[in-house]
Amino acid sequence: MFGMGKKKSGDPEWDAAVEELAGADTVAFGGVGIAGTLLPVTEAYRRVEAALAERPEAVREEVDRLLRRGSPAGKAYAATLLERLDPAAARDAWSRLREDPGEFTTFSGCVMGSANLREYAADRLAGL
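Residues numbered from 1 in each chain as written. Predicted model: local features only at pLDDT ≥ 70, side-chain atom pairs only at ≥ 80, totals over all residues. Heavy atoms only, no water.

## Examining helix H2 (residues 40-50)
Inference 1: Along H2, the residues that are buried comprise Val41, Thr42, Ala44, Tyr45 and Val48. One side of H2 holds all its buried residues, which, seen down the axis, span an arc of 160°. For H2, the exposed residues set more than 90 degrees away from the buried face come down to Pro40 and Ala50.
Inference 2: Of the surrounding elements, those touching the buried residues of H2 are helix H1 (12-22), strand S1 (26-27), helix H3 (56-69) and helix H4 (72-85). (Buried < 20%, exposed > 50% of the residue type's maximum accessible area, 1.4 Å probe, protein only. Helix = DSSP H or I, 4+ residues; strand = E, 2+ residues; numbered from the N terminus. Arc of directions from axis to C-beta. Contact = heavy atoms within 4.5 Å.)

Here you go:
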């Protein structure tokens, strides 16, 4: 879905992380379950987040692409990353995402839930 027509960066780990976020069906920022296992999508988010300091332009390009074409969870990750890059643009993104009914799974520690992007975005906006 996301990668079609996208030029690869030449960094396979970066490309894989971006693709993982693009197709994400779960939002989890920390370990899940009793063992606190990191999901592949959480690891991908952390990899892209770590690149903020080294290559903010590349991260911004991918964030913008995720906001346009990512899965609902991918859009949530993108808007979260945008909060660090450009808080005003993040508020605008979250505002637009309040119109998106897409659903995804959430994890907070051992607690699994579900959310739709509309409600998730409204909650994030309330916290900004």
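## Thoughts on the pattern of salt bridges
Inference 1: In the structure shown here, the tally under the stated rule is nine salt bridges.
Inference 2: Across the salt bridge formed by Glu61 and Arg65, the nearest N and O atoms sit 3.3 Å from each other. On the criterion of helical spacing, the pair formed by Glu61 and Arg65 is a turn pair, its members being four residues apart in helix H3.
Inference 3: Glu61 sits in the partly exposed class, given a relative accessible area of 44%.
Inference 4: In this structure, the salt-bridge partner of Arg65 is Glu62, at a minimum N-O distance of 3.2 Å. Of this pair, Arg65 and Glu62 both sit in helix H3, separated by three residues, roughly a single helical turn. (Salt bridge = Lys/Arg side-chain N within 4 Å of Asp/Glu carboxyl O.)

## Section: the sheet that holds strand S3 (residues 111-116)
Inference 1: The strand order across the open sheet formed by three strands is S1-S2-S3, and the pairing between neighbours is mixed. Lying at the two open borders of the sheet, with one neighbouring strand each, are S1 and S3. (Pairing = 2+ DSSP bridges.)

## Digging into the packing of aromatic side chains
Inference 1: What the rule picks out here adds up to five aromatic pairs.
Inference 2: Seen in terms of ring centroids, Tyr45 and Tyr77 are 5.3 Å apart; in terms of plane orientation they differ by 35°. Their pairing is tilted. Taken together, the residues span a long stretch of sequence, with Tyr45 in helix H2 and Tyr77 in helix H4 at a distance of 32 residues.
Inference 3: Under the relative-accessibility criterion, Tyr45 is labelled buried at 6%.
Inference 4: Arranged with centres 5.4 Å apart and planes meeting at 80°, the rings of Phe104 and Tyr120 form a pair that is edge-to-face. Of this pair, Phe104 sits in strand S2 (residues 103-108) while Tyr120 sits in helix H6 (residues 117-127); the two residues are 16 residues apart in sequence, bridging distant segments of the chain.
Inference 5: Site record: aromatic cluster; members linked through ring pairs are Phe29, Tyr45 and Tyr77.
Inference 6: The ring of Trp14 has Arg55 lying over it, and the distance from NZ or CZ to the ring centre is 4.2 Å. (Phe/Tyr/Trp six-rings, centres within 6.5 Å; stacked < 30°, edge-to-face > 60°. Lys NZ or Arg CZ within 6 Å of the ring centre and 35° of its normal.)

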